[in-house]
Amino acid sequence: SSVENFNLEAHVSRSEDYTYTFEIASSDVGQIALEIFLDNGQGGFKQIETSPILIQVQPRQCPDGFKATRDGECQNEIRYLPEWAVWVILGMFLIAVLLSATCAIWTCLHRETKIVHAAQAPFLYLICLGCFTSSLTLFLLQLDDNPNHPVSVSATGLNIACASTVWLYAIGFCLTVSAIYSKLLRTKRLMLQAAKGQQPSTKINPYLLFVCKMLAVETVILVIWTTVDMPEWTRSCADDGDFCESVGHCSAGLPSIVFIALLLVLHLCYLIYVLLLCYEVRSIPQEFAEHKWITAASISSMEVHLIAPLVIVLVWDDITAKTVLLAAAIFFNDVSILLMVFLPKMMRLHFETHDAKSLTLEDQLHNLRREVRNIPGDTRKVTFMDVARASKIEQLENEVMRLRRQLDELNGGNRERGGSGQAVRRGRTSVCRNVSTSDSTKSEMKAPSSVEGTMNRAHSRPGMQSTVGARTGSRTIIV
């Protein structure tokens, strides 16, 4: 018969010569005392004379790298990151790095175009650099101590990779978000200065200093984290069962959890500030502020920072799933920012065309917006496009004043010569009158002959100039 007692299972068979064979299986490795009883046929049992028997239970023999479980099955003792996961993560790494490099090269090649100039090329370079730095984390995530891995890394190298993963992602993300925030902040201030009629300050150094300050805050947190509890590569059992299946991963203590939460909160605050700034510059044209696409990229990044940690916690015991999900979160965060910042510019520069029909449609939409908002008349506010125009007008007015001073000096010299000066003053007065298109006022523009003679003499002298100004409405004519 078959008897089960605790972790012992015995199968008994009897041969014709009354020899009994016991097949015993146990999940307890070591020595076991076995007592054997025989049924006497009267409802009782009698212990045999050689009982109890001492049995030595040994584990099942398995191939190298495998170990027997309690059920007698051979399983691998060491679990590595699957090959498919390694290649998937490497593929995401190559896509993110190449996309960052492509956007940077495109910005450099088209830096003289108005679209890239309006988008502030220095900040575009910083966005590419930040996404590139953050994407390097993907390469470190797929490293393992597998001897068959494409990249062989020692235990010391794996420890450095664990610490570098945190630094690369945090610095890359901070550089990207700070560049976007500084870009929007500079656009906002330029527009406000232009609206107030002030000369806009185009210096970029204050905004680059703002990027450095954000990086300094991030660096201080990372230095303290690395000093207090630096992540290290280790191997541990995959679960709490009787069979220990070793898996490799970066591990740290409770302080690391605190620092991770601190960085997540800080990054979310950065994104919230960017969204608030996007709302403030919502009325600025897309060519300069591009708030719509930056808003979409910020919301996408916030979703990654909120959802990815929760999902990773749910699959924390599965090293493969945890690693792939973390790599996917970093990949989609970087790629979404790059696409939403650069793709609209590329489409506008290479594929979007404007003709008379499209411009007419824009004018019609502008007029409809004015009617809906009940804006009366043709009131026009000063915009950033008027700054350069106003500066040019101011230069022309200064030139007119200079020429008038030269004419006054010329008239002063003629005054010393006698009556010719009076003729010049009368001629200047008659020429500088308001000009009308009627025939009666046209005759007023004719200068006396004495003026013409004086002007001819002035032209004939070397180093002397003569200028006569006349105003027609609001225009100034320089003769």
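Residues numbered from 1 in each chain as written. Predicted model: local features only at pLDDT ≥ 70, side-chain atom pairs only at ≥ 80, totals over all residues. Heavy atoms only, no water.

1. Thoughts on the overall build of the protein
Point 1. The number of helices and strands found in the protein is 14 helices and 14 strands.
Point 2. Taking all 479 residues of the protein together, the buried fraction comes to 36%.
Point 3. When contacts within the protein are restricted to residue pairs at least 6 apart in sequence, long-range pairs at least 24 apart make up 63% of them.
Point 4. Only carbon and sulfur atoms are counted for the fraction: they give 60% of the accessible area of the protein, which is about 29,800 Å². (Helix = DSSP H or I, 4+ residues; strand = E, 2+ residues; numbered from the N terminus. Buried < 20%, exposed > 50% of the residue type's maximum accessible area, 1.4 Å probe, protein only. Contact = heavy atoms within 4.5 Å. Areas by Shrake-Rupley, 256 points an atom, 1.4 Å probe, with all protein chains shown as cover.)

2. Brief notes about helix α9 (residues 319-350)
At 3.6 residues per turn, the α-helix brings residues three or four places apart onto the same side.
Point 1. The first and last C-alpha atoms of α9 sit 44 Å apart over 32 residues, in line with the 46 Å expected at 1.5 Å per residue.
Point 2. Along α9, the sharpest kink reaches roughly 30°, centred on F342 and followed within four residues by the proline P344. (Expected span 1.5 Å × (residues − 1). Bend = angle between axes of the 7 residues up to and from the residue.)

3. So, the packing of helix α1 (residues 83-109) against helix α3 (residues 121-141)
Point 1. It is at 9 Å that the axes of α1 and α3 come closest, and there the two elements cross at 165°. On the basis of the axis angle, α1 is roughly antiparallel to α3. Crossing handedness for the pair α1 and α3: left-handed. For the pair α1 and α3, the contacting residues are I89, L90, M92, F93, A96, V97, S100, C103, A104, T107 and C108 in the first and A121, L124, Y125, C128, C131, F132, S135, L136, L138 and F139 in the second.
Point 2. Residues of the contact of α1 with α3, tallied by class, amount to 18 nonpolar, 3 polar and no charged. (Axes fitted to C-alpha atoms, helices over the stretch in contact; angles between N-to-C directions. Parallel < 35°, antiparallel > 145°, perpendicular 65-115°, else oblique. Left-handed = near helix turned anticlockwise from the far one by under 90°. Nonpolar A, V, L, I, M, F, W, Y, C, P; charged D, E, K, R; others polar.)

4. What to know about the environment of L276
Point 1. On the secondary structure map, L276 appears in helix α6 (residues 254-280).
Point 2. Looking at L276, the relative accessible area reads 48%, which means it is partly exposed.
Point 3. Taking the C-alpha atoms as reference points, L276 and T295, 19 residues apart in sequence, are found 9.3 Å from one another.

5. Details of the pattern of salt bridges
Point 1. If you walk through the whole model with that rule in mind, you get 4 salt bridges.
Point 2. The salt bridge partner of R235 is D144, with a shortest N-O separation of 3.8 Å. Of this pair, R235 sits in strand β11 (residues 232-237) while D144 sits in the loop between α3 and α4 (155-195), and the two are 91 residues apart along the sequence.
Point 3. For R235, a relative accessible area of 24% puts it in the partly exposed group.
Point 4. The class for D144 is buried, based on a relative accessible area of 5%.
Point 5. For the salt bridge of R402 with E399, the shortest nitrogen-to-oxygen distance reads 2.3 Å. Taken as a pair, R402 and E399 lie in helix α11 (residues 385-416) at a separation of 3 residues, close to a single helical turn.
Point 6. On the accessibility criterion, R402 (31% relative accessible area) is partly exposed.
Point 7. Where salt bridges share partners, they join D144, D145 and R235 into one cluster. (Salt bridge = Lys/Arg side-chain N within 4 Å of Asp/Glu carboxyl O.)

6. A few points about the nonpolar core
Point 1. I127, L138, L184, V274 and F342 are the most contacted members of the largest nonpolar core, which has 69 residues in total.
Point 2. Among the elements of the structure, α1, α3, α4, α5 (205-228), α6, α8 (291-314) and α9 are those that each provide at least two residues to this core.
Point 3. When residues of this core are assigned to their parent elements, the largest contribution, 13 residues, is made by α4.
Point 4. With residues near it in sequence (within four places) discarded, V274 still touches V177, I180, Y181, L184, I294 and S298. (Core = buried A, V, L, I, M, F, W, Y, C linked by side-chain atoms within 4.5 Å.)

7. Quick word on the packing of aromatic side chains
Point 1. In total, this model carries 5 aromatic pairs according to the counting rule given.
Point 2. Taking 5.6 Å as the distance between ring centres and 45° as the angle between the ring planes, the aromatic pair formed by F93 and F139 counts as tilted. Of the two residues, F93 is situated in helix α1 and F139 in helix α3; the sequence distance between them amounts to 46 residues.
Point 3. Between F331 and F332, the aromatic rings sit 5.2 Å apart at their centres with planes inclined by 70°, giving edge-to-face as the arrangement.
Point 4. Residue class for F331 comes out buried when judged on its relative accessible area of 9%.
Point 5. Stacked on the ring of W316, the Lys or Arg K322 has its end atom at 3.8 Å from the ring centre. (Phe/Tyr/Trp six-rings, centres within 6.5 Å; stacked < 30°, edge-to-face > 60°. Lys NZ or Arg CZ within 6 Å of the ring centre and 35° of its normal.)

8. Thoughts on the packing of α1 against α9
Point 1. Contact geometry for α1 and α9: axes closest at 10 Å, N-to-C directions at 25°. Taken together, the axes of α1 and α9 are roughly parallel relative to one another. When the axes of α1 and α9 are compared, the crossing they make is left-handed.
Point 2. Here the residues of the contact of α1 with α9 sort into 19 nonpolar, 5 polar and 1 charged.

9. Looking at the confidence of the model for the protein
Point 1. With 67% of its residues at a pLDDT of 70 or more, the protein shows a mean pLDDT of 76.
Point 2. α1 holds the highest mean pLDDT among the elements of the protein, 94, whereas strand β13 (residues 469-472) holds the lowest, 39.
Point 3. Long-range and interchain partners of residues 379-388, a stretch whose pLDDT sits below 50, account for 14 contacts in this model, where long-range means more than four residues apart.
Point 4. In this model, residues 420-479 is a region of pLDDT below 50 whose contacts with residues beyond four sequence positions or in other chains number 73 contacts. (pLDDT = per-residue confidence, 0-100.)

10. A word on the state of the cysteines
What we call a disulfide is simply a covalent bond connecting the sulfur atoms of a pair of cysteines.
Point 1. In total, this model carries 1 disulfide according to the counting rule given.
Point 2. The side chain of C162 participates in a disulfide bridge whose partner is C250; the two sulfur atoms lie 1.9 Å from each other. On the sign convention where negative means left-handed, the S-S torsion of about -80° between C162 and C250 marks this disulfide as left-handed. Of this pair, C162 sits in helix α4 while C250 sits in strand β12 (residues 246-251), placing them 88 residues apart in sequence.
Point 3. Residue C162 is classed as buried on the basis of its relative accessible area, which comes to 3%. (Disulfide = S-S within 2.5 Å.)

11. A look at unusual backbone geometry
Point 1. For Q120, which is not glycine, the phi dihedral falls at a positive 65°.
Point 2. Mapped onto the fold, Q120 is located in the loop between α2 (114-118) and α3.

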